[in-house]
Amino acid sequence: MAKLILSVDGQVLNEFPLDKERVTIGRKSDNDIPVDNLAVSGKHAVIITILNDSFMEDLGSTNGTLVNGASVKRHFLQDGDVVEIGKHKLKYVNETPSSTTAEEFEKTMVLRRPSDLAPQVSAVDRVASETQVGARSTVTSRTAVGSNVRAPNGGAAPAVAVAPSVGMVQVLNGQNAGKTLELTKSLTTLGKPGVQVAVITKRPNGYFITHVEGASFPVVNGASVGAQAAALRENDVIEIAGVKMEFFFKT
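The rules behind each value
Residues numbered from 1 in each chain as written. Predicted model: local features only at pLDDT ≥ 70, side-chain atom pairs only at ≥ 80, totals over all residues. Heavy atoms only, no water. Helix = DSSP H or I, 4+ residues; strand = E, 2+ residues; numbered from the N terminus. Buried < 20%, exposed > 50% of the residue type's maximum accessible area, 1.4 Å probe, protein only. Contact = heavy atoms within 4.5 Å. Areas by Shrake-Rupley, 256 points an atom, 1.4 Å probe, with all protein chains shown as cover. Pairing = 2+ DSSP bridges. Phe/Tyr/Trp six-rings, centres within 6.5 Å; stacked < 30°, edge-to-face > 60°. Lys NZ or Arg CZ within 6 Å of the ring centre and 35° of its normal. Salt bridge = Lys/Arg side-chain N within 4 Å of Asp/Glu carboxyl O.

J.: Where do I start with the overall build of the protein in this structure?
T.: Secondary structure assignment for the protein yields two helices and 22 strands. Split into buried and exposed, the 251 residues of the protein put 48% on the buried side. Taking the intrachain contacts of the protein between residues at least 6 apart in sequence as the baseline, contacts between residues at least 24 apart amount to 49%. Of the accessible surface of the protein, which amounts to about 11900 Å², a share of 51% is contributed by carbon and sulfur atoms.

Shown next, in the form of structure tokens:
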């Protein structure tokens, strides 16, 4: 299990196992890792751990966050990385091989709203073209999802069976409506950096969505997924950064 070793001026203060998906760091006492220093914001940063991978996001802190001496907003953590918050340091230790790479994580699939679309081709367009996946003609027939609505409190989703095949998402609105993307990687980031980003992970027992960046959580079937990972089921409708997508299994 990965862990963070907290130290200041070379003296180790504590160790924190990353035993849940979302671990907050900040000056307030209700953080998972409280750091009592005036240079640290109340909610300074968050570490999100999915399977064997962890990444850090600065939560708009006043003084920023450094990783290995460089200022970062979001960083895919690797064994030995040192996160600096104020005068404190957090060393990331993870001897388990990663299931993805920093390069794969940074390739967020940008899903723009119609008003935000630029002349250039978006990442979703490029992926759809490269994988030669055409738009399906039966979009509306797959959006009857009333029975899949989750509780708005973002509670734990019910367990799902082993995924029967490769998961996919199809964009339902905007200029990219009809485009599809195969979720073949263990970790796929979706959204609009700076606005809202989420991660869909492929696990042995199915696909799960987790919030990464943004003030609000992703929405599935009209309900917020909350801070923890939520299982995805056939025909679920996901909304990230104003873009709606349908999740389904490839037949």
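Still more to cover.
J.: How should I be thinking about the sheet that holds strand 19 (residues 223-224) in this particular structure?
T.: Spatially, the six strands line up as an open sheet ordered 14-13-22-21-18-19, and their pairing is antiparallel. Across the chains shown, the open sheet's two edge strands, defined by having one partner strand only, are strand 14 (180-182) and strand 19. Sheet topology note: the strand 13 (residues 167-171)/strand 22 (residues 243-249) ladder contains five bridges and is antiparallel. Following the sheet pairing, V171 is matched in strand 22 by M245.

J.: Explain the environment of Q11 to me, please; I cannot follow it from the model alone.
T.: With respect to the element layout, Q11 can be found in strand 2 (residues 11-17). In the structure, Q11 is positioned 78 residues away from K89 in sequence and 9.8 Å away in space, judged by C-alpha atoms.

J.: It is not clear to me how the sheet that holds strand 6 (residues 53-58) should be interpreted in this structure. Could you clarify?
T.: The strands that make up a sheet pair up through hydrogen bonds in the backbone, lying either parallel or antiparallel. Pairing within the open sheet is mixed, and its five strands lie in the order 4-3-5-6-9. Looking along the sheet, the strands with just one partner apiece sit at the ends: strand 4 (33-34) and strand 9 (74-76). In terms of strand pairing, strand 6 meets strand 9 through three bridges, oriented antiparallel. Within strand 9, the residue paired with E57 across the bridge is R74.

J.: I tried to follow the packing of aromatic side chains on my own but got confused; where do I start?
T.: Under the counting rule described, the total for this entry stands at three aromatic pairs. Here a set of aromatic residues connected by ring pairs shows up, and it is made of Y207, F247 and F249. One Lys or Arg, R203, reaches over the ring of F208 and ends 4.4 Å from the middle of that ring.

J.: What is the right way to look at the pairing of strand 11 (residues 88-93) in this model?
T.: Look at any regular strand and the pattern is simple: side chains alternate between the two faces of the sheet. With six bridges joining them, strand 1 (residues 3-8) and strand 11 adopt antiparallel strand pairing. Its bridge partner being in strand 11, L6 is matched across the sheet by L90. Examined bridge by bridge, strand 10 (residues 82-85) and strand 11 share four bridges and lie antiparallel to one another. The residue of strand 11 that forms the bridge with V82 is K91. Between strand 10 and strand 11, which follow one another and run antiparallel, lie two residues, and G86 among them has a positive phi close to 60°.

J.: I keep staring at the pattern of salt bridges and nothing clicks. Help me out?
T.: Once the charged atoms of two side chains with opposite charge are near each other, the side chains can pair. Tallied over the full model, the rule gives five salt bridges. Taking the shortest distance from any N to any O, the salt bridge between R203 and E21 comes out at 2.5 Å. With R203 in strand 16 (residues 196-203) and E21 in the loop between strand 2 and strand 3 (22-26), this residue pair connects regions lying 182 residues apart in the sequence. Grouping residues by exposure puts R203 and E21 together as buried. Here D30 and K43 are joined by a salt bridge, their closest N and O atoms 3.3 Å apart. One end of the pair, D30, is in the loop between strand 3 and strand 4; the other, K43, is in the loop between strand 4 and strand 5 (45-50), and 13 residues separate them in sequence.

J.: Which parts of the structure should I look at to understand the pairing of strand 1?
T.: In terms of burial, strand 1 is largely enclosed, as five of its six residues are buried. Across six bridges, the pairing between strand 1 and strand 2 is antiparallel. Looking at strand 2, one finds that L4 is bridged to F16. Counted between consecutive antiparallel strands, the loop separating strand 1 from strand 2 contains two residues, among which D9 sits at a positive phi close to 55°.

J.: How should I be thinking about the side chain of E57 in this particular structure?
T.: With respect to the helices, strands and loops of the structure, E57 is situated in strand 6. Not counting chain neighbours up to four residues away, the residues in contact with E57 comprise A45, V46, K73, R74, V212, E213 and G214.

J.: Looking at this structure, how should I read unusual backbone geometry?
T.: Glycine aside, residues mostly have negative phi angles, and peptide bonds mostly take the trans form. For N221, which is not glycine, the phi dihedral falls at a positive 55°. Tracing the chain through its elements places N221 in the loop between strand 18 (219-220) and strand 19. Residues other than glycine seldom take positive phi values, yet A241 does so here, at roughly 55°. When you line up the elements, A241 lands in the loop between strand 21 (237-240) and strand 22.

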